[in-house]
Amino acid sequence: MNARLQFLPQICAFALATLLAACVQLPGEASRSAARPIAEAGDTTQHQFKVINRLTWGASASAAREIAESGTARFIEAQLHPTPSGRMPAEVEAQISAMTISQRPMTELVVELKQRRRETDAIADPDQKKAAQQAYQQELNRLTNETATRFVLRALYSPEQLREQMTWFWMNHFNLFQYKSDIRRLLADYEERAIRAHALGKFRDLVAATVHHPAMLRYLDNEQNAAGRINENYADRKSTRLNS
């Protein structure tokens, strides 16, 4: 994860949209789908392999078995509407659950680290202050590394591969500069609640979640808004990205 969280080239959005437009079942066909044989005309192994590579982080033996058994249309439908029952290997779940970002809510971390920063700034001895500042920065970096590790583990092992692809894509679009202010202590929650939670949902909900999240507010200095002095960085920045 780099400093600007530039995750995925914009061209992937076009490729994904093209694939879904070609393959997703229309609503009017839902009642007829159950009567169809799973292996539809043209649903070849080669075609299925291409679908897997487009919707996931790479073809795997388990994905190949799943799409062969269900057929391409149902495989895509399952990726578009994943069920809560889809779980990763137990050891991976345990590793993610043990992370600080999983055990501590964002508000608790923010309050604790803010107090730690105050105490560090109040140290009079220069050497002690420098050591405390380094320790503080290391803790912020550790939280950032946990966020990156969690994403990689999910990308590798989650059955919800399309959600992971789109989380990557939207994190690239609604990116942050993690080294500005205290954004590193907000980053994990931003990815989890603002991006991943809406990655397969309505764009309106995704935009609202990003614009109201403390990480984006802090990144674009929107906490400095005041009557008669509204900060419009968010609109200006997104308009620039869309027109570039």
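What counts and how
- Residues numbered from 1 in each chain as written.
- Predicted model: local features only at pLDDT ≥ 70, side-chain atom pairs only at ≥ 80, totals over all residues.
- Heavy atoms only, no water.
- Salt bridge = Lys/Arg side-chain N within 4 Å of Asp/Glu carboxyl O.
- Axes fitted to C-alpha atoms, helices over the stretch in contact; angles between N-to-C directions.
- Helix = DSSP H or I, 4+ residues; strand = E, 2+ residues; numbered from the N terminus.
- Contact = heavy atoms within 4.5 Å.
- Nonpolar A, V, L, I, M, F, W, Y, C, P; charged D, E, K, R; others polar.
- pLDDT = per-residue confidence, 0-100.
- Buried < 20%, exposed > 50% of the residue type's maximum accessible area, 1.4 Å probe, protein only.
- Arc of directions from axis to C-beta.
- Left-handed = near helix turned anticlockwise from the far one by under 90°.
- Patch = residues over 30% accessible without salt bridge, like charges linked within 9 Å, V, L, I, M, F, W, Y side chains within 5 Å.
- Areas by Shrake-Rupley, 256 points an atom, 1.4 Å probe, with all protein chains shown as cover.

Here's the deal with the pattern of salt bridges
At step 1: Across all of its chains, the model carries 17 salt bridges by this definition.
At step 2: When the shortest N-O distance is used, the salt bridge between Glu 192 and Arg 196 registers 3.7 Å.
At step 3: If you follow the salt bridges from partner to partner, you end up with Arg 150, Arg 154, Glu 164, Glu 191, Glu 192 and Arg 196 in one network.

A few points about the packing of helix H9 (residues 126-157) against helix H11 (residues 187-195)
At step 1: Between H9 and H11, the least distance of the axes is 8 Å, while the angle of their chain directions is 35°. Where H9 abuts H11, its residues Thr 144, Thr 147, Arg 150, Phe 151 and Arg 154 lie against Leu 187, Ala 188, Glu 191 and Glu 192.
At step 2: Its residues assigned to classes, the contact of H9 with H11 shows 3 nonpolar, 2 polar and 4 charged.

A look at the confidence of the model for the protein
At step 1: Chain-level pLDDT for the protein is 81 on average; 75% of the residues reach the 70-or-more range.
At step 2: Throughout residues 1-39 the model reports pLDDT below 50, and contacts reaching past four residues in sequence, or to other chains, amount to 64 contacts.

Overview of helix H6 (residues 90-97)
At step 1: Those residues of H6 that fall on the buried side of the exposure criterion are Val 92, Glu 93 and Ile 96. Seen end-on, H6 carries its buried residues on one side only, within an arc spanning 100°. Opposite its buried face, H6 presents the exposed residues Ala 90 and Glu 91, each directed more than 90 degrees away.
At step 2: Its buried side turned inward, H6 meets helix H7 (100-103) and H9.

Examining the packing of H9 against helix H10 (residues 161-173)
At step 1: Interaxial distance between H9 and H10 falls to 8 Å at its minimum, and their mutual angle equals 140°. For the pair H9 and H10, the sense of crossing is left-handed. Contacts between H9 and H10 involve Phe 151, Arg 154 and Ala 155 from the former and Gln 161, Glu 164, Thr 167 and Trp 168 from the latter.
At step 2: Looking at the contact of H9 with H10 residue by residue, the classes come out as 3 nonpolar, 2 polar and 2 charged.

Things to note about the side chain of Asp 189
At step 1: Turning to its location among the elements, Asp 189 is positioned in helix H11.
At step 2: For Asp 189, a relative accessible area of 15% gives the class buried.
At step 3: If we ignore the near neighbours within four places in the chain, the residues touching Asp 189 are Met 106, Ala 194 and His 213.

With respect to a nonpolar patch on the surface
At step 1: Residues Val 152, Leu 156 and Tyr 157 make up a contiguous nonpolar surface patch of roughly 300 Å² in combined accessible area.
At step 2: Summarising the element assignment, Tyr 157 is placed in helix H9.

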